[in-house]
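So you can see what is in the structure, the chains are spelled out below.
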Amino acid sequence: MQNPNRPYHRTEIDLLFTKIKAQMQKKALVRGGDGRALYTDCYTGKTLRGGDCYDYEHIRSAEDVFMTYRDRLTNVEIAEVVNCPENVSVTLRTINQSKGKRRMEDWLSNEINVNVYNIDRKVTLETLTKADFGILQKVNDLLSIKLNSKVELL
């Protein structure tokens, strides 16, 4: 059992995030085919190219995931959950900075954000659903491994 009261800690999350971003960049360069990365913004659905001002984004914030699972998972396991492929994407830097650590649903409740940043609600909903599913699947996989390990010890 993990300490359910341990403070938010990002070291392992950031180490893995750096590796994930490098892998994503390599794939985006291949997709671009011309030496420039090619992405699709996870909230607008618009094409982003190398040279555009974009950020790699945790759809569900690292802090939110950490606080939710710190009682069941280690810091390394939480890093795996936070950085699962379904929870990491790319968006315009202006969107990422405006959203900050807030849940996307809360940020979207301000209609000005939707209009100013040209958010596509359908694309965003698909992104959120995919992230939530990926997170739950990764958590279930990790907890299943732990349970199986305990059973083997008996």
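Note: the structure precedes this text.
Given the structure is predicted, the values throughout are model-derived calculations rather than measurements. (Residues numbered from 1 in each chain as written. Predicted model: local features only at pLDDT ≥ 70, side-chain atom pairs only at ≥ 80, totals over all residues. Heavy atoms only, no water.)

**Student:** Quick rundown of the overall build of the chain? Include the residues and the values.
**Tutor:** Per the secondary structure count, the chain includes seven helices and four strands. Starting at the N terminus, the α and β elements of the chain follow one another as α-β-β-β-α-α-β-α-α-α-α. Considered along the principal axes of its C-alpha atoms, the chain spans approximately 55 × 35 × 25 Å. For the chain, with 154 residues in total, the buried portion stands at 40%. Long-range pairs, those at least 24 residues apart, make up 71% of the contacts in the chain between residues at least 6 apart in sequence. Summed over all atoms, the accessible surface of the chain reaches about 9,000 Å², with 55% contributed by carbon and sulfur. (Helix = DSSP H or I, 4+ residues; strand = E, 2+ residues; numbered from the N terminus. Buried < 20%, exposed > 50% of the residue type's maximum accessible area, 1.4 Å probe, protein only. Contact = heavy atoms within 4.5 Å. Areas by Shrake-Rupley, 256 points an atom, 1.4 Å probe, with all protein chains shown as cover.)

**Student:** An account of the packing of helix α1 (residues 11-32) against helix α3 (residues 75-82) is requested, with residue identities and associated values reported.
**Tutor:** One way to put it is that α1 packs onto α3 with a least axis distance of 8 Å and a crossing angle of 45 degrees. Compared by their axis directions, α1 and α3 come out oblique. Read as a crossing pair, α1 and α3 show a hand that is right-handed. Of the residues in α3, those touching α1 at Glu12, Ile13 and Leu16 are Asn75, Val76, Ile78, Ala79, Glu80 and Val82. Across the contact of α1 with α3, the residue classes tally to six nonpolar, one polar and two charged. (Axes fitted to C-alpha atoms, helices over the stretch in contact; angles between N-to-C directions. Parallel < 35°, antiparallel > 145°, perpendicular 65-115°, else oblique. Left-handed = near helix turned anticlockwise from the far one by under 90°. Nonpolar A, V, L, I, M, F, W, Y, C, P; charged D, E, K, R; others polar.)

**Student:** Run through the packing of aromatic side chains, naming residues and quoting values.
**Tutor:** On inspection of all chains with the given rule, the structure shows five aromatic pairs. Geometrically, the ring pair formed by Trp107 and Tyr117 is tilted, given 5.5 Å between the ring centres and 40 degrees between the ring planes. Residue Trp107 is found in helix α5 (residues 104-108), and its partner Tyr117 is found in the loop between α6 (111-116) and α7 (121-153); the two are separated by ten residues along the sequence. An aromatic cluster is built from Tyr39, Tyr54 and Tyr56, whose rings are joined through pairwise contacts. (Phe/Tyr/Trp six-rings, centres within 6.5 Å; stacked < 30°, edge-to-face > 60°.)

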